[in-house]
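Structural description and commentary
Each chain is listed here by its residues.
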There are 2 protein chains.
Amino acid sequence: MNPRAAVFSGGDNGDWHVQSITAACGETLAEVSRVQITDSQEPMYPDQAVWRLQGVTSNVRYATQAEKQQLSEKQAGLGRTEARLAALIPIRKTADWWELAQDRRRQIFEQASKHIRIGLQYLPAIARRLYHCRDLSIGQPFDFLTWFEFAPADSPAFDALLGELRATQEWQFVEREVDIRLVRE
Amino acid sequence: MNPRAAVFSGGDNGDWHVQSITAACGETLAEVSRVQITDSQEPMYPDQAVWRLQGVTSNVRYATQAEKQQLSEKQAGLGRTEARLAALIPIRKTADWWELAQDRRRQIFEQASKHIRIGLQYLPAIARRLYHCRDLSIGQPFDFLTWFEFAPADSPAFDALLGELRATQEWQFVEREVDIRLVRE
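An account of the accompanying structure is given in this report. (Residues numbered from 1 in each chain as written. Chains lettered and ligands numbered in written order. Predicted model: local features only at pLDDT ≥ 70, side-chain atom pairs only at ≥ 80, totals over all residues. Heavy atoms only, no water.)

**A closer look at the relation of the copies chain A and chain B**
Our working rule: The least-squares superposition of copies is restricted to C-alpha atoms, and to residues with a pLDDT of at least 70 in both copies.
For the pair chain A and chain B, the best superposition has an RMSD of 0.0 Å and corresponds to a rotation of 180° with a translation of 0.0 Å parallel to the axis. Here the copies are linked by what is in effect a two-fold axis. Taking C-alpha positions as the reference, the residue of chain A nearest the rotation axis is Leu-136 of chain A, at 2.2 Å.

The following block contains the structure:
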């Protein structure tokens, strides 16, 4: 398997307890009590999963060298003891988005929507890892999975971050978005 | 499976007869007599394949709207009767390439290397389809597979195209490249 792959399995197993599953846009995902994250295609309890979402970390698609450097200097890693809360946000964008050329997508992503600039304001409190799933060999229901970790005190900031992003031009190209909130056991 | 996925199986089956397999850079692939192309993960003769390369067509990564338009206006589709020759060119780029931010990769790809401008000179004679394989869930030996089709009379032009691309700055980031030439039965 790809060493950059991960699987998020929703069911009755895993270290992360589900607090809520809400559709921000389009169809939701089935209710489950826990999410298990595995870095392989063979989760420990595959038969018991209600849903499984796969993704792969990859190279940056839009960030410039300066932006990549800023993000890298400011961001925190996953697994901080105080970051007991998490969110898993699967997103699918429209066919129109994917038909756009690179310069048009970059223009909407950053010049119009300030995606990176908004994200930078919430670092290092909100730690983040992006997984791509649009180009897996097995078709997936989403294009991206983003995993966020933060301390309970930063929960309002996280909601503000989502509010800012969802108001952007970029989000007019989001056709499905599910917001899964979790707490570590 | 992903509707954009394809599998190239090297073995004794398939419509495309192998004329030669040459490593342009790095390790070669095993000699086989034919290549079978399937649009699914279940080739007809999976047990008989000596090697299998998977990929997925995807959105453009570097082309601007103007370049995408130019390519689209000038390029021919696959499957032309006169295009009896083909080439399958799997490529892997270095870890350094993938660590570069988007603006640096674009700068090398087009401003320094003129990848699109070179390619445009050979349209519509050389038809082309690009498959991505770096972000599949099952790890792959290459990052891209490019499939080219052309008439026998355009074979020297195809060699010239490869020569131009291999002399670019972009190709300094290629660490493995195999050149498989084929003829349709």
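Back to the write-up after that little detour.
**Re unusual backbone geometry**
If a residue is not glycine, its phi is most likely negative; likewise, a peptide bond is most likely trans. Stated precisely, the cut-off is as follows: Per the convention used, a helix needs a DSSP run of H or I reaching at least four residues, while a strand needs a run of E reaching at least two, with both numbered from the N terminus. Categorising residues by exposure relies on relative accessible area from a 1.4 Å probe, with only protein chains included: less than 20% of the type maximum marks a residue as buried, more than 50% marks it as exposed, and the intermediate range marks it as partly exposed.
Cis geometry marks the peptide bond from Leu-123 of chain A to Pro-124 of chain A; its omega dihedral reads 0°. Topologically, Pro-124 of chain A is positioned in the loop between helix H4 (115-121) and strand S6 (127-132). With a phi close to 55°, Lys-114 of chain B is a non-glycine residue in the positive phi region. Within the secondary structure, Lys-114 of chain B is located in the loop between helix H3 (102-112) and helix H4 (115-121). By relative accessible area, which is 33% here, Lys-114 of chain B ends up partly exposed.

**A few points about the interface of chain A and chain B**
The following threshold applies: Working rule for contacts: check all heavy atoms of both residues, and any pair within 4.5 Å makes them a contact. Joining two parts hides part of their accessible area as seen by a 1.4 Å probe, and the buried area is that hidden amount summed over both. Note on definitions: salt bridges are taken to be side-chain nitrogens of Lys or Arg within 4 Å of carboxyl oxygens of Asp or Glu. As used in this structure description, the phrase polar contact means that two N or O atoms lie within 3.5 Å; if the pair is within protein, one of them must be able to donate a hydrogen and the other to accept it, and residues adjacent in sequence are counted only when both atoms belong to side chains. Charged residues are taken to be Asp, Glu, Lys and Arg, nonpolar residues to be Ala, Val, Leu, Ile, Met, Phe, Trp, Tyr, Cys and Pro, and polar residues to be all remaining types, Gly included.
Across the contact, 31 residues belong to chain A and 31 residues belong to chain B. Approximately 2,600 Å² of surface area, both sides summed, lies buried where chain A meets chain B, with 41% of it carried by carbon and sulfur atoms. On the chain A side of the contact with chain B, Asn-59, Asp-135 and Ser-137 of chain A bury the most area, a combined 24% of that side's loss. Put simply, chain A and chain B have 6 salt bridges between them. Here Asp-135 of chain A makes a salt bridge to Arg-4 of chain B, at a shortest N to O gap of 2.9 Å. Summed over the shared surface of chain A and chain B, the number is 28 residue pairs in polar contact (both at pLDDT 80 or more). With 4 residues, helix H3 (residues 102-112) of chain A is the largest single contributor of residues to the side of chain A that touches chain B. A breakdown of the residues in the side of chain A that touches chain B according to their chemical character gives 11 nonpolar, 11 polar and 9 charged.

**Here we look at the pairing of strand S1 (residues 5-11) of chain B**
All names here are of chain B. Which entries qualify depends on this criterion: By this definition, two strands are paired if DSSP reports at least two bridges between them.
Counting buried residues in S1 gives 7 out of 7 residues, a clear majority hidden from the surface. Here S1 runs beside strand S3 (residues 34-38); their pairing, made up of 5 bridges, is antiparallel. Its bridge partner being in S3, Gly-10 is matched across the sheet by Val-35.

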